[in-house]
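Below, each chain spelled out in residue letters.
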Amino acid sequence: MRGPQVSDLMTWPVVTAGPATTFKELVSLLAEHGIAAIPVLDEHRRPIGVVDEADLLARHRGDSKPEPVFWKRRVWTKAQGLTARELMTRRVPTVAKDEPVAGAARRLVEAKLRRLYVVDGSGRLIGVLARRDVLRSFLRPDEEIKEIVEREVLQRSIWADPSTVTVQVDDGVVTLGGVIDRRSEVERAEC
């Protein structure tokens, strides 16, 4: 079953920053848009880092000298940062726009991420998929879910004759009934 893709649920356009964006501009962007993180893009719109609230709060921790432990030195260095390039975390969690939402949701949970930055085939940022975007998909009306199952599962995935299979959706729970020719088609329908 194909199912919804990341591009179906992602939020766009994305609020972004450049490497030279100042501390104060970053704080203003987060507050103005009610977001907790902002991707930093290079001149080709490819993500090179992320600045989140923790990175910005580190700026005002009050540290006056670095600690001997490596990670504390890194935090102290960030605390001195004045631009996105100096403040950002360089690891950017990305996901392809055509990846199934189920895989992206699994990754959000397993890696304890709040969001994935959606990129196209060239690595350019085109959206963001947050946990709330995935959860919003559960608010679909039962009739819409039924239509999607009939179209995506019965017709496109297992090529079942709609007159031989019934689809019932009750409070988001899908129940399929009827007869399908092959066991492998039943397994695909269960996905």
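Keep in mind the model is a prediction, meaning the values are calculated, not measured.

How each quantity is defined
- Residues numbered from 1 in each chain as written.
- Predicted model: local features only at pLDDT ≥ 70, side-chain atom pairs only at ≥ 80, totals over all residues.
- Heavy atoms only, no water.
- Buried < 20%, exposed > 50% of the residue type's maximum accessible area, 1.4 Å probe, protein only.
- Helix = DSSP H or I, 4+ residues; strand = E, 2+ residues; numbered from the N terminus.
- Arc of directions from axis to C-beta.
- Contact = heavy atoms within 4.5 Å.
- Pairing = 2+ DSSP bridges.
- Axes fitted to C-alpha atoms, helices over the stretch in contact; angles between N-to-C directions.

Asks: What is the right way to read helix α2 (residues 23-33) from this model?
Replies: An α-helix turns once every 3.6 residues. As a result, residues three or four positions apart point the same way. By the burial criterion, the buried members of α2 are Phe23, Leu26 and Leu30. One face of α2 carries all of its buried residues, which in axial projection span an arc of 65°. Opposite the packed face of α2, turned more than 90 degrees from it, sit the exposed residues Lys24, Ala31 and Glu32. Looking at the buried residues of α2, the elements they touch are β1 (37-41), β2 (47-52), α3 (53-58) and α5 (84-87). Where α2 ends, the next residue or the one after it, Gly34, has phi of about 60°, a positive value.

Asks: Is there a simple way to explain the pairing of strand β6 (residues 165-170) in this structure?
Replies: A regular strand places its side chains on the two faces of the sheet in alternate fashion. Residue alternation in β6 divides its side chains into a buried set, Val165, Val167 and Val169, and an unburied set, Thr166, Gln168 and Asp170. In this structure, β6 lies alongside strand β7 (residues 173-178), joined through six bridges in antiparallel fashion. Bridging from a neighbouring strand, Val165 pairs with Gly178 of β7. In sequence, β6 turns back onto β7 through a hairpin of two residues, with Asp171 there showing a positive phi of about 55°.

Asks: Help me out: how do you make sense of the sheet that holds strand β3 (residues 94-96) in this one?
Replies: By way of backbone hydrogen bonds, the strands of a sheet pair with one another, either parallel or antiparallel. An order of β3-β4-β5 is seen for the three strands of this open sheet, with the pairing classed as mixed. Two strands bound the open sheet, and with one partner strand each, they are β3 and β5 (125-130). Mean inter-strand twist for the sheet, computed between neighbouring axes without regard to direction, equals 35°. As paired strands, strand β4 (residues 115-119) and β5 are joined by five bridges and run antiparallel to one another. In the sheet register, Leu116 faces β5, and the bridge partner there is Leu129. Of the strands in this sheet, β3, β4 and β5 touch helix α6 (residues 101-110), which is tilted by about 140° from β4.

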